[in-house]
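Each chain, letter by letter, is given below.
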Protein chains: 2
Amino acid sequence: MTMIDGLECGPFDRESFLRLKAAGVHGVVVTCGFWEGALESLDSLGRWRDLVRDNADVTCMGDTPEAIERAAEEGRVAAIMGFQNANLFEGRIRLVEMFAELGVRVVQLTYNNQNELAGSCYEAEDSGLSRFGAEVVREMNRQGMLIDCSHVGDRSTLDAIKASEKPVAVTHANAASLFPHKRNKSDKVLHALRDTGGVIGCAAYRNITGDYYSGPIEQWCEMVARTVEIAGIDSVAIGTDRGHNMDRAIYDWMRMGRWTRGVDYGAASAARPGKAPPPDWFQELEDMRVIPDGLRSVGFNNEEVEKILHGNWMRLYRATFRTSDRYEETQQ
Amino acid sequence: MTMIDGLECGPFDRESFLRLKAAGVHGVVVTCGFWEGALESLDSLGRWRDLVRDNADVTCMGDTPEAIERAAEEGRVAAIMGFQNANLFEGRIRLVEMFAELGVRVVQLTYNNQNELAGSCYEAEDSGLSRFGAEVVREMNRQGMLIDCSHVGDRSTLDAIKASEKPVAVTHANAASLFPHKRNKSDKVLHALRDTGGVIGCAAYRNITGDYYSGPIEQWCEMVARTVEIAGIDSVAIGTDRGHNMDRAIYDWMRMGRWTRGVDYGAASAARPGKAPPPDWFQELEDMRVIPDGLRSVGFNNEEVEKILHGNWMRLYRATFRTSDRYEETQQ
C-alpha cells in the first residue's frame with residue numbers, strides 16, 4: 001500500500017526521501033517557500049530541483065500524475081514542488097505560467113497573513129478573494145497548478161472554490177468541528193470541497209489536531225473517519241504537515257518572515273510557543289507505516305483506505321496538473 | 001530566399017512581424033532586455049511570449065531549429081528570445097537552466113559595461129572572462145543557449161570562444177579592420193570564430209558600419225564580402241541591429257540604464273549623439289529584400305548567399321540550442 005502525503009515542510013535532504021520511502025510514501029508535496037518573492041523562489045526552486053536531480057535513484061519530479069504513479073512502481077518518492085504562499089508571483093500574473101513551466105504544481109493563495117490575493121485564517125477580517133486573487137485562480141486553472149487553501153481564511157476559501165473551474169485542495173488542515181482552531185476548516189468549507197471534487201489532507205500536527213487525536217494511531221484515524229463523515233470518502237486524504245530538519249531559524253522564518261519585528265506563534269500560542277511534540281503515534285517519519293492498518297481498525301475497507309492514502313490525491317492531481325511543459329502546447 | 005536576422009532590438013508589435021515577413025525574414029533574435037535583472041527579465045519575457053502567442057498567425061517561438069525551419073515553410077517569422085546582457089541571471093547559475101526552459105536561446109555575456117562575467121568593448125581594460133563568466137559559459141553550453149559576444153571586449157570574447165565547448169556568436173558587429181570602432185571585432189576574433197564554427201552577423205547600423213558601407217546595397221555587400229575574406233564563408237551571416245519602435249526613452253535606457261547619472265552615447269558619440277540615420281539602402285525594414293541580389297552582385301554564388309542569409313545561423317543554432325524543455329530530459 002503506497003501513500004501520498006499532501007504536504008510536508010522544511011528542507012529535505014537525501015535522508016528525507018529514504019525515510020519517506022521506508023514510510024511507504026511515494027509522493028509528497030514539498031514546501032519550496034513561505035514568504036519568498038519571485039527571485040528568492042527561483043533560488044529555492046533551483047535548489048530543490050538540484051536536490052531531486054542529485055538523488056534520482058530515490059526521488060523524481062512529481063510534475064505529472066504519471067510521474068507520481070511511476071515513482072510508486074519504481075520505489076521512488078515523487079517530490080511535488082509546492083509553495084505555501086503566492087509571494088512567488090510578486091503580483092505578476094504572467095509568472096504563474098512561468099513557474100508552472102519550471103515545475104511548480106501546488107501554490108497556496110496565502111499563508112498566515114492577508115496578501116494581494118486573499119485573506120488568511122488568522123486575520124480578524126477575511127476580505128474574501130481579491131481581484132488579483134480571482135485572476136490568479138483562473139490562471140492557475142489554465143496553467144495546471146493546484147490551488148491550496150490550507151492557511152486561507154474560510155471566506156476566501158469558499159470564494160476560491162467557487163471561482164475555480166477545477167477542484168481545490170486544503171492540503172493540510174483538520175475539521176474545525178472536530179478540533180476548533182483558526183487553522184482548521186468549517187463544515188461549510190468541507191461540504192464545498194465534497195460538492196466540487198476537492199480534497200482535504202488530514203494533518204498530524206499537534207497544534208491543529210489536539211491532544212486526543214494526537215494519541216494512539218486509532219484515535220488519529222478516528223478523526224479521519226469523522227472527517228469522512230463530514231466531507232465524504234472521496235474528499236479526504238492525508239496531509240501530515242510534517243517538518244524535515246526544522247530548527248529555530250526555520251520556525252522563525254515560517255512564522256515571522258519579514259513582516260513583523262515582534263513575535264508570532266503561527267499555529268502555536270504564547271502558552272505553548274515551542275515546537276509542538278509530534279502525535280504519540282508519529283514519533284518518527286517511518287511511523288506513517290501504521291496508517292493503513294489504523295484506518296482499517298476504525299472500519300474503513302480496502303477501497304476506502306486506498307482512496308484516503310492515494311486515490312483522492314491522484315484524482316485531484318489528474319484534474320488539475322498540467323500534462324506538458326511545452327509553451328507551444330499551452331498556446332490556446 | 002528566406003533570411004535570418006541575427007539580432008534586432010526595440011519593442012516589437014504585430015506590424016514588426018508583418019514587415020519582417022515582407023522583408024523575407026523568417027527568423028530573428030529579439031532583444032528582451034539590456035539592463036534588466038531577473039524579475040524584470042521575467043516580466044519582459046512574459047510580455048514577449050504573450051506578443052508571440054497573440055500573433056500566432058504571423059509569428060512563433062523560435063526556440064528550436066525545427067521551429068525556425070517550420071516558420072519559414074509556414075510563412076511565419078520565428079522570434080528567438082534573446083537578451084543583450086547577462087543581468088537576467090543576477091549572479092545565479094541556476095537561473096541559466098530556468099531561463100532556458102522558459103525559451104531564452106541567446107544571451108550576450110555583457111552589454112556596454114563590465115559585469116560579473118566579462119569585460120565590455122567600451123572598458124579601458126578588458127578583464128577577460130571572470131570565474132562566474134566561465135561558469136555561465138559552461139552552463140549555457142549545457143542548457144542549450146547560444147553565447148553572444150557582440151558588445152563584449154576582444155579579450156573576453158577570445159576567452160569565451162576558448163572556454164566554450166560549443167561555437168559562439170557575434171550576433172551583430174562588423175570587422176574592425178574594415179571599419180574601426182570599439183564595437184567592431186579584431187581579425188583575431190574573426191579568425192577564432194572561423195576556426196571554431198562560430199558566426200558573426202554583419203551589422204547595418206551606421207555608427208559601427210561607417211558611411212561608405214552604409215551607402216548603396218552593393219557597398220554594404222562589399223563589406224560582407226570582405227568579412228568573408230577574413231572569417232570564411234561558413235562564419236559570416238547577417239545581424240542588422242535594426243531597432244523597432246525606438247524612441248528617446250528606449251535609447252536612454254539602452255545607453256544609460258541605471259548605471260550613470262551622466263550621459264553615455266553607446267556606439268554614437270558626442271559629435272553625433274542622436275539617432276544614426278539608417279544606411280542609404282535600408283530606409284525601411286522591407287528593404288532587406290535587396291540583400292540577396294546585393295550579395296550576388298558582389299560575386300557570391302547561390303550556395304554562398306544561402307549560407308550568409310540562413311545556413312550559417314541555422315548550423316550554429318543546431319549546434320547550440322537545446323532540443324527539449326523537459327527537466328527530465330536534461331537530468332544527466
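Below is a short write-up of the structure.

Parameters and conventions
Residues numbered from 1 in each chain as written. Chains lettered and ligands numbered in written order. Predicted model: local features only at pLDDT ≥ 70, side-chain atom pairs only at ≥ 80, totals over all residues. Heavy atoms only, no water. Helix = DSSP H or I, 4+ residues; strand = E, 2+ residues; numbered from the N terminus. Rg over C-alpha atoms; globule rule 2.2 N^0.38 Å. Contact = heavy atoms within 4.5 Å. Areas by Shrake-Rupley, 256 points an atom, 1.4 Å probe, with all protein chains shown as cover. Lys, Arg positive; Asp, Glu negative; His and termini not counted. Charge placed at Lys NZ, Arg CZ, Asp CG, Glu CD. Expected span 1.5 Å × (residues − 1). Buried < 20%, exposed > 50% of the residue type's maximum accessible area, 1.4 Å probe, protein only. Phe/Tyr/Trp six-rings, centres within 6.5 Å; stacked < 30°, edge-to-face > 60°. Lys NZ or Arg CZ within 6 Å of the ring centre and 35° of its normal. Polar contact = N/O pair within 3.5 Å; in protein donor to acceptor, adjacent residues only side chain to side chain. Disulfide = S-S within 2.5 Å. Core = buried A, V, L, I, M, F, W, Y, C linked by side-chain atoms within 4.5 Å. Salt bridge = Lys/Arg side-chain N within 4 Å of Asp/Glu carboxyl O. Axes fitted to C-alpha atoms, helices over the stretch in contact; angles between N-to-C directions. Left-handed = near helix turned anticlockwise from the far one by under 90°. Parallel < 35°, antiparallel > 145°, perpendicular 65-115°, else oblique. Nonpolar A, V, L, I, M, F, W, Y, C, P; charged D, E, K, R; others polar. Pairing = 2+ DSSP bridges. Arc of directions from axis to C-beta.

### Brief notes about the overall build of chain A
Moving on, step 1. For chain A, the count of helices and strands is twelve helices and eleven strands.
Moving on, step 2. Taken against the 2.2 N^0.38 rule, which gives 20 Å for 332 residues, the C-alpha radius of gyration of chain A at 18 Å falls within 12% of a compact globule.
Moving on, step 3. Overall, the C-alpha framework of chain A stretches about 50 × 45 × 40 Å when taken along its three principal axes.
Moving on, step 4. Put simply, of all contacts in chain A between residues at least 6 apart along the chain, 72% involve residues at least 24 apart.
Moving on, step 5. Put simply, chain A shows about 12000 Å² of open surface, and 48% of that area lies on carbon and sulfur atoms.
Moving on, step 6. Each charge class in chain A was averaged separately, 38 positive and 50 negative side chains, and the resulting centres sit 3 Å apart.

### Focus: helix α9 (residues 217–231) of chain B
Residues and elements named next belong to chain B.
Moving on, step 1. With 15 residues, α9 extends 21 Å between its outermost C-alpha atoms, agreeing within 8% with the 21 Å of an ideal straight helix rising 1.5 Å per residue.
Moving on, step 2. Residues of α9 that are buried include every one of I217, W220, C221, M223, V224, A225, T227, V228, I230 and A231, and no others.
Moving on, step 3. Contacts from the buried residues of α9 go to α7 (187–196), β9 (199–202), α8 (206–213), β10 (236–238), α11 (291–297) and α12 (302–320).
Moving on, step 4. G232 lies just past α9 and shows a positive phi near 90 degrees.

### Here we look at the packing of aromatic side chains
All names here are of chain A.
Moving on, step 1. The final tally for this structure, using the stated rule, is 24 aromatic pairs over all chains.
Moving on, step 2. By way of ring pairs, the aromatic residues F34, W35, Y111 and W259 are connected into one cluster.
Moving on, step 3. If you follow R242 out to its NZ or CZ, it ends over the ring of F282, 4.2 Å from the centre.

### Observations regarding the side chain of A:T110
Residues and elements named next belong to chain A.
Moving on, step 1. Its location among the elements puts T110 in the loop between β6 (104–108) and α5 (131–143).
Moving on, step 2. At 3.3 Å, the side chain of T110 forms a polar contact with the side chain of N115.
Moving on, step 3. Beyond its immediate stretch of four places on either side in the chain, T110 contacts Q84, N85, N115, A118, G119, S120, H151 and V152.

### Here's the deal with the state of the cysteines
All names here are of chain A.
Moving on, step 1. Taken as a whole and assessed by the stated rule, the structure comprises zero disulfides over all chains.
Moving on, step 2. C221 supplies the cysteine sulfur nearest to C202, a cysteine that is in no disulfide, at a spacing of 9.4 Å.
Moving on, step 3. A residue is classified by how much of its surface remains accessible, and C202, at 0% relative accessible area, is buried.

### Section: the nonpolar core
Taken as a class, soluble globular proteins show a tendency for nonpolar side chains to be buried jointly.
Moving on, step 1. By size, the foremost hydrophobic cluster in this structure holds 162 residues, and its most contacted members are A:L109, A:W220, B:L109 and B:W220.
Moving on, step 2. Not counting chain neighbours up to four residues away, the residues in contact with B:W220 comprise B:C202, B:A203, B:A204, B:T209, B:Y213, B:I238, B:W281 and B:I291.

### A look at the side chain of A:D148
All names here are of chain A.
Moving on, step 1. If you trace the backbone, D148 turns up in strand β7 (residues 146–148).
Moving on, step 2. For the buried residue D148, which engages in no salt bridge, the nearest side chain bearing the opposite charge is K185, 7.6 Å off.
Moving on, step 3. A distance of 2.7 Å separates polar atoms of two side chains, one belonging to D148 and the other to S150.
Moving on, step 4. Sequence-distant contacts of D148, defined by excluding residues within four places in its chain, comprise L7, V106, V107, Q108, L109, A169, V170, T171 and H172.

### Here we look at unusual backbone geometry
Negative phi characterises most residues that are not glycine, and trans characterises most peptide bonds.
Moving on, step 1. Backbone geometry places A:E90, a non-glycine residue, at a positive phi of 45 degrees.
Moving on, step 2. Within the fold, A:E90 resides in the loop between β5 (77–83) and α4 (94–101).
Moving on, step 3. On the basis of relative accessibility, which here comes to 32%, the residue A:E90 falls in the partly exposed class.
Moving on, step 4. Phi at B:D241 is positive, roughly 70 degrees, even though this residue is not glycine.
Moving on, step 5. Structurally, B:D241 can be placed in the loop between β10 and β11 (242–243).
Moving on, step 6. Classification of B:D241 by relative accessible area gives buried; the value is 12%.

### Some points on the packing of α4(A) against α5(A)
Packed helices, taken two at a time, are described by their axes: the angle between them and the distance between them.
Residue and element names in this part refer to chain A.
Moving on, step 1. Closest axis-to-axis distance for the α4/α5 pair is 9 Å, and the angle between their directions is 30 degrees. Crossing of α4 over α5 shows right-handed handedness. Across the interface between the two elements, V96, E97 and A100 of α4 pack against V136, E139, M140 and Q143 of α5.

### Considerations on the packing of α4(A) against helix α2 (residues 38–54) of chain B
Moving on, step 1. In contact at an axis separation of 10 Å, α4(A) and α2(B) are set at 95 degrees when each is read in the N-to-C sense. As judged from the angle between their axes, α4(A) and α2(B) are roughly perpendicular. Two secondary-structure elements touch here, α4(A) through A:R94, A:L95, A:E97, A:M98 and A:E101 and α2(B) through B:L39, B:L42, B:L45, B:G46, B:R47, B:R49, B:D50 and B:R53.
Moving on, step 2. Of the residues belonging to the contact of α4(A) with α2(B), the class tally is five nonpolar, one polar and seven charged.

### Concerning the pattern of salt bridges
Moving on, step 1. Counted by the stated rule, this structure contains 48 salt bridges over all chains.
Moving on, step 2. A salt bridge links A:D195 to A:R194, with the shortest nitrogen-to-oxygen separation between them at 3.0 Å.
Moving on, step 3. Given the relative accessible area of 56%, A:D195 is considered exposed.
Moving on, step 4. On the basis of relative accessible area, A:R194 is assigned to the partly exposed category, the value being 39%.
Moving on, step 5. Where B:K307 meets B:D234, a salt bridge forms, and the shortest distance between an N and an O atom there is 2.7 Å. One end of the pair, B:K307, is in helix α12; the other, B:D234, is in the loop between α9 and β10, and 73 residues separate them in sequence.
Moving on, step 6. By sharing partners, the salt bridges in this structure join A:R49, A:D50, A:R53, B:R94, B:E97 and B:E101 into a single network.

### Description of the pairing of strand β3 (residues 25–31) of chain A
Side chains on a regular strand alternate between the two faces of the sheet.
All names here are of chain A.
Moving on, step 1. Counting buried residues in β3 gives seven out of seven residues, a clear majority hidden from the surface.
Moving on, step 2. Pairing of strand β1 (residues 3–5) with β3 involves three bridges; the strand directions are parallel. Across the sheet, the residue bridging to D5 is V28, located in β3.
Moving on, step 3. Pairing of β3 with β5 involves five bridges; the strand directions are parallel. Opposite T31, over in β5, you have G82 as the bridge partner.

### So, the environment of B:K162
Moving on, step 1. Examined against the element boundaries, B:K162 turns out to sit in helix α6 (residues 154–163).
Moving on, step 2. On a C-alpha basis, the gap between B:K162 and B:D293 in space is 36 Å, while along the polypeptide they are 131 residues apart.

### So, helix α7 (residues 187–196) of chain A
Residue and element names in this part refer to chain A.
Moving on, step 1. Within α7 the residues assigned to the buried category are V189, L190, A192 and L193. Along the axis of α7, the buried residues cluster in a sector spanning 160 degrees; they form a single face. Facing away from the buried side of α7, by more than 90 degrees, are the exposed residues K188 and D195.
Moving on, step 2. On its buried face, α7 is in contact with α6 (154–163), β8 (169–173), β9 (199–202) and α9 (217–231).
Moving on, step 3. Looking one or two places after α7, you find G197, whose phi comes out positive at around 85 degrees.

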